[in-house]
Amino acid sequence: MSSFEQFGLDPRILSAIARMGYTAPTPIQEQAIPVVLRGGDVMGAAQTGTGKTAGFGLPLIQRILPKANTSMSPARHPVRALVLTPTRELADQVSENLVAYAKDTPLRAGVVYGGVDIRPQAEMLRKGLEILTATPGRLLDHVSQKAVNLSQVEIVVLDEADRMLDMGFLPDISRILQMLPATRQSLLFSATFSPEIKKLAKNFLRPDPKVIEVARQNSTAETVTQELFTVNDRDKTDVLIDMLKTRGPEGGPLTQVLVFVNAKITCRRLARTLERVGINADAIHGDKTQEERQVALEGFRTGAIHVLVATDVAARGLDIKELPCVINYDVPYSAEDYVHRIGRTGRAGAKGVATMLATSEDTRLVQAIEALTKQTFKAIPISPQPRNRRGSSSSPRRGRDEGRGSWTERVDTPEDERIARERARAYVPPSQRHRDPLFDMPYIERAPSETEKKPAEPMYLERREKRRPVAALLGGRGH
Ligand code: AMP
């Protein structure tokens, strides 16, 4: 078995590796570390969870270590290694690792990202640090405020470059890269090599970078069991609740699950729904402050929160070790997001299960995922377990409104209210769906009840027509 000693790393780095508990390099580390140590450029196809941070972080530290010094002068601690990441969470996580790897050296490492007070960051930058992790926008803010100078950067890392492009950071990245010395080492990591990524690499890496690919499908297939359930849209929440309550050890609840949704609003509402049925859940999405996200994350890490509902952007790069289960409540719009999502589980060799709920509307998205991941799902139809709706708390958002006998959408925020109103407007009672009342009329086989007297078909038609606005007024879902 290979070991970290084989790379000839400085003992101060090896001691940090030992403290982190890493015993053997991961495949990406095996491949990347020697190349980065030699000073080569790298184009790495590796997602978060493969150990890529150490793959670039350890050799990066080794390379700038000869210039490390203990002087207090900020001028003696210029930024020599710059890591750009798409999100604050990833920035935080990467930096945390880099700080840990450099702990026994005099090198200073730190992180800057948007959404939080810029002043403490500027103060940190002014004191000087050699290893800086940053999100592009905030870094440019600091540059324009002259809190940091990038003219001595020797190594730049573009982490999750595909996501940075997706998020529209290309102009910012280009500006930043143009500020760096031309003679530098560049490392680019991306889950996939799209034409845009190749173009970025062509423009900013030296010719013929070393291309390193960690076989994503294989490594995923080995450690992650992927399953696809087909479900009626209206049953999704109940099916999810069933899963959360029964798929844990010995048929008990799952206690550490990341649930992915496509929209912030779904994120908020789903977390609240889960909480109402007694599941410890929290949400992280783009509208939450950094502090709120960190609180949620910390709760999840410590086990106080069992279910973390997340959007793709918020969950990007979350470092939660050995997450046993990821559930895609929504099929992601982009197949690449699927790869990222399920990368949260089965990390560093641990076993994981990635479950996805798909409705009939999701067929094309599922096909795109199958094409990208080169597999065919065996779709399993699933329905919620029978439950006593009236007394049950399983679908709290659809509380039975006893007096009116219809399912109503409870609303908590103005946005919820707007959606509920839209739904109410669009509501069509089941008896009238996909039917032409006039055409169907003769075929309705039903004995008229006392109150429906008397038969006269035109009257019946009239009554049915009237039901529609009443049901809409009640805001009933009825399906
Ligand atoms: P990354 O892909 O860099 O986000 O790393 C994923 C997780 O694997 C992090 O929690 C790392 O601390 C951990 N890790 C990285 N390298 C190793 C290794 N060689 N052995 C065990 N765990 C590792």
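This text gives an overview of the structure that appears in the document. (Residues numbered from 1 in each chain as written. Predicted model: local features only at pLDDT ≥ 70, side-chain atom pairs only at ≥ 80, totals over all residues. Heavy atoms only, no water.)

Moving on: the sheet that holds strand 10 (residues 281-284). The strand order across the open sheet built from 7 strands is 10-11-9-12-13-8-14, with neighbouring strands paired in parallel fashion. Two strands close off the open sheet at either side, each with one partner strand: strand 10 and strand 14 (379-381). The sheet shows a mean angle of 25° between the axes of neighbouring strands, direction not considered. Summarising the sheet, strand 9 (residues 257-260) and strand 11 (residues 307-310) pair through 4 bridges and their orientation is parallel. Within strand 11, the position partnered with Val257 by the bridge is Val307. On top of the sheet, helix 11 (residues 236-246) reaches strand 8 (224-230), strand 9, strand 11, strand 12 (325-328) and strand 13 (352-358); it is set at about 160° to strand 13, its chief contact. (Pairing = 2+ DSSP bridges. Helix = DSSP H or I, 4+ residues; strand = E, 2+ residues; numbered from the N terminus. Axes fitted to C-alpha atoms, helices over the stretch in contact; angles between N-to-C directions. Contact = heavy atoms within 4.5 Å.)

What follows concerns the sheet that holds strand 7 (residues 210-213). Judged by pairing direction, the sheet is parallel, and its 7 strands sit side by side in the order 3-4-2-5-6-1-7 without closing on themselves. Edge strands, defined here as strands with exactly one partner in the open sheet, are strand 3 (109-112) and strand 7. In this sheet, adjacent strand axes meet at a mean angle of 15° when their direction is disregarded. Examined bridge by bridge, strand 1 (residues 42-45) and strand 6 (residues 185-190) share 4 bridges and lie parallel to one another. Each bridged residue has a counterpart across the sheet, and for Met43 the counterpart in strand 6 is Leu188. Strand contacts of helix 2 (residues 27-38): strand 1, strand 6 and strand 7, with the helix running at about 165° to strand 7, the strand carrying the most contacts.

Across the interface, helix 5 (residues 118-127) lies against helix 6 (residues 136-144) with an axial gap of 11 Å and an inter-helix angle of 65°. Of the two elements, helix 5 crosses helix 6, and the hand of that crossing is right-handed. Here helix 5 contributes Ile118, Gln121, Ala122 and Leu125 to the contact with helix 6, which in turn contributes Arg138, Asp141 and His142. Its residues assigned to classes, the contact of helix 5 with helix 6 shows 3 nonpolar, 2 polar and 2 charged. (Left-handed = near helix turned anticlockwise from the far one by under 90°. Nonpolar A, V, L, I, M, F, W, Y, C, P; charged D, E, K, R; others polar.)

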